[in-house]
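Listed below are the residues making up each chain.
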Amino acid sequence: MKNAKLVSDKIQSYLGELSPRAVQSLVSRLEKTQSQGGVDPNVDVILQASVGLIRGEKPVNKVEETFKNERAGTIRKSQLQRMFFRPLDDYLLDETLKEKQSGRIHRSILNKTWVWLKRDVLPNEIARVADRAADNSCSNEELAVEIDGLQERALAAFRGALDNSEVAEVSKRRLSTEMGGARGLADLIDIYRIFALETDLLEFFEPYSETLHPNRFKVDTDLMQRTAEFLAKHPSDMDILATGLLSRTSHPAALAVFGMRLAKTDDLAELAKSRYAPLMDVALSEVERLSILAQEHRKYNPDPIGFSVALSDYHEQVKALEVDLDFSQSRTWRERLTQIKRTMSALVAKELESVPGLLRKAIQVPVVDKDGTFRVDAATADNAIRALRVFVMVRNAPDTFAVNDLNKRTRQAVEQMLEIMTRGLINELSSASGARQKAVLGAVDTAIMLCELYYGGEYAAQLRRSRQAALGLKVPQSQAKKPSSAAARKPVSKLT
């Protein structure tokens, strides 16, 4: 069995899902058994894991607790696979990178691995633990011990299967096919490695909070010392450690800087030759993942903000890498980053080309039928918001996206359209009436919203005053004072 600290953490995680009274009842029962001379090697671990969870308990509704207990077995059985693979949480990704990044595992491999284990490798063991999970008399902490044992047996099975696959080509091809190809097999190998390293990884990250500030990678000597100790024990597993560090920082570029410190160099070419090169590889894999995420947002996410936020996250990481590192020193890493940037430039170019048309369509007055009804196209407005947000963001990051000529052309079209069409709509608002006026008013509101995104609040406030005046409404006192800046008289893009 793994060390007591690892088992204790797992048990405490499961105990946290119980009600305080259920934990108290469990502790009382175990203490009574212990006082009567009962001997169980797991009792002390379970009792230690329960400390702190039984404080400040509140009365629990009996009916609700009974219902929860009855449901517990069914829920746990359905979640058995997730519980089993919990040690991999920091190493999973949903996006498919161009090439497999060692230390990062595609989430889709988990189900394939589980099916393989359940059908061919550990059918009896998994069936027994599944039965225990479905048994209401099996407590969560007892199930944690069962899963820990199942992971130990799976680790041995992994080792045997993967060792055999290296010797027997037929076995290797069969396992590769089972996992979906060479990349799936590589993911399976990483699963095996992480399971084998779980105890030492837990010990490595124990002193650190969930998020490591970038400065820790730049100046922290303790982190360097712990890394050296880990690699002395596991010299071939820098990639696994790098991915674990990535999961604890919002600044992947910091990993590359940390690698330079560890390699005691300021030359990327020297870093590439060192054992610390995986830190840079993992950092670049995260930039690539963010670029893929942005592409998927553009294709599949109707949220008008998602795509621009994904682009912004991508830009921040690219900018940080290029500020901290001289990519001219490493051809391989420079070409990898350049290819990612080229792909993103093509993506944003398509988006920018659509901006003028989307804006024009979004602020057109809806057609009013003979019954006086009209339909507001919210989807078109969302698309215009997304496109304009992207344009504003891309225009402020010329080095990252490299679409300067297209930006200039788009800027001219956007500024002319927003100013001329918005003013024209406000003028029409004063002469329109009935349903037509309501339709024009909707277009005006959309236009003002887009102007605010592009020009800022001051210009939008002036437009809203004009809107009120066109409707013959009194301008609120809070909005009565006209801005004195030139931006209020003639729009000046926020992008300059």
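Here's what I pulled together on the structure shown here.

What counts and what doesn't
- Residues numbered from 1 in each chain as written.
- Predicted model: local features only at pLDDT ≥ 70, side-chain atom pairs only at ≥ 80, totals over all residues.
- Heavy atoms only, no water.
- Helix = DSSP H or I, 4+ residues; strand = E, 2+ residues; numbered from the N terminus.
- Buried < 20%, exposed > 50% of the residue type's maximum accessible area, 1.4 Å probe, protein only.
- Contact = heavy atoms within 4.5 Å.
- Areas by Shrake-Rupley, 256 points an atom, 1.4 Å probe, with all protein chains shown as cover.
- Phe/Tyr/Trp six-rings, centres within 6.5 Å; stacked < 30°, edge-to-face > 60°.
- Core = buried A, V, L, I, M, F, W, Y, C linked by side-chain atoms within 4.5 Å.
- Polar contact = N/O pair within 3.5 Å; in protein donor to acceptor, adjacent residues only side chain to side chain.
- Axes fitted to C-alpha atoms, helices over the stretch in contact; angles between N-to-C directions.
- Left-handed = near helix turned anticlockwise from the far one by under 90°.
- Nonpolar A, V, L, I, M, F, W, Y, C, P; charged D, E, K, R; others polar.
- 1 Å grid on protein atoms, 1.4 Å probe; cavity = no way out; pocket = protein on both sides within 12 Å on 5 of 7 lines; lining within 4 Å.
- Points joined across faces, edges and corners; volume = space filled by probe spheres on them.
- Salt bridge = Lys/Arg side-chain N within 4 Å of Asp/Glu carboxyl O.
- Patch = residues over 30% accessible without salt bridge, like charges linked within 9 Å, V, L, I, M, F, W, Y side chains within 5 Å.
- Lys, Arg positive; Asp, Glu negative; His and termini not counted.
- Charge placed at Lys NZ, Arg CZ, Asp CG, Glu CD.
- Expected span 1.5 Å × (residues − 1).
- Arc of directions from axis to C-beta.
- Bend = angle between axes of the 7 residues up to and from the residue.

**Some thoughts on the overall build of the protein chain**
- In terms of regular secondary structure, the protein chain is built from 24 helices and two strands.
- Across the 496 residues that make up the protein chain, the buried fraction comes to 46%.
- Taking contacts inside the protein chain between residues at least 6 apart in sequence as the whole, the part at least 24 apart equals 75%.
- On the protein chain, roughly 25,000 Å² of surface is accessible, and the fraction owed to carbon and sulfur atoms is 50%.

**Some words on the packing of aromatic side chains**
- By the definition in use, this model includes 14 aromatic pairs.
- Geometrically, the ring pair formed by F84 and F85 is edge-to-face, given 4.9 Å between the ring centres and 80° between the ring planes.
- Classification of F84 as buried rests on a relative accessible area of 1%.
- By relative accessible area, F85 is classed as buried at 3%.
- Between the aromatic rings of F217 and F258, the centroid separation amounts to 5.6 Å while the plane-to-plane angle is 70°, which identifies the pairing as edge-to-face. Of this pair, F217 sits in helix α11 (residues 214-219) while F258 sits in helix α14 (residues 253-263), and the two are 41 residues apart along the sequence.

**A short note on the nonpolar core**
- Core analysis: the biggest nonpolar cluster contains 124 residues, and L245 and L311 have the highest contact counts within it.
- The leading source of residues in this core is helix α18 (residues 331-362), at 12 residues.

**Brief notes about the side chain of T249**
- As for its placement among the helices and strands, T249 is situated in the loop between α13 (238-246) and α14.
- We classify T249 as buried; its relative accessible area is 10%.
- Of the polar contacts made by the side chain of T249, one reaches the backbone nitrogen of H251; its length is 3.0 Å.
- Filtering out sequence-adjacent residues up to four positions away, T249 remains in contact with L212 and F217.

**Points about the packing of helix α17 (residues 306-324) against α18**
- Remark: α17 packs on α18, axes separated minimally by 12 Å, with the N-to-C direction vectors making an angle of 150°. Note on packing geometry: the crossing formed by α17 with α18 is left-handed. On α18, the residues that touch F307, L311, Y314, V318 and E322 of α17 are L337, I340, K341, M344, L347, V348 and E351.
- Tallied by class, residues from the contact of α17 with α18 come to nine nonpolar, no polar and three charged.

**Points about empty space enclosed by the protein**
- Under the criterion given, the structure shown has one cavity of 30 Å³ or more.
- Taken as a whole, the largest cavity spans an internal volume of roughly 70 Å³.
- As for the largest cavity, its lining consists of L93, E95, T96, L97, E99, K100, Q101, R104, H106, R183 and D187.
- Looking at side-chain class alone, the lining of the largest cavity contains two nonpolar, three polar and six charged residues.

**Quick word on the pattern of salt bridges**
- Counted according to the given criterion, the structure contains 27 salt bridges.
- Close ionic contact of R411 with E415 constitutes a salt bridge, the shortest N to O distance being 3.0 Å. Taken together, the residues span about one helical turn, with R411 and E415 both in helix α21 (residues 404-431) at a distance of four residues.
- Put simply, K100, D187, D190, R193, D237 and D239 are held in one network by salt bridges that share partners.

**Description of the environment of L321**
- The topology assignment puts L321 in helix α17.
- Residue L321 is classed as buried on the basis of its relative accessible area of 1%.
- Put simply, L321 and L255 are 66 residues apart on the chain and 9.8 Å apart in space, counted from C-alpha to C-alpha.
- Setting aside residues up to four positions removed in sequence, L321 forms contacts with A253, A256, M280, L284, V287 and F327.

**Digging into a negative patch on the surface**
- On the surface, E203, E206, D222 and E229 cluster together into a negatively charged patch.
- On the secondary structure map, E206 appears in the loop between α10 (182-205) and α11.

**Re helix α7 (residues 123-134)**
- With 12 residues, α7 ought to run about 16 Å at 1.5 Å a step, and its terminal C-alpha atoms sit 16 Å apart, in line with that.
- Buried within α7 are the following residues: I126, V129, A130 and A133. The arc enclosing the buried residues of α7, seen along the axis, measures out at 105°, which places them on a common side. Exposed residues lying more than 90 degrees from the buried face of α7 are N124 and D131.

**What to know about α18**
- A rise of 1.5 Å per residue sets the reference length of α18, with its 32 residues, at 46 Å; its end C-alpha atoms lie 45 Å apart and thus fit the reference within 8%.
- Its axis deflected by about 40° at V355, α18 carries its strongest bend there, up to four residues before the proline P356.

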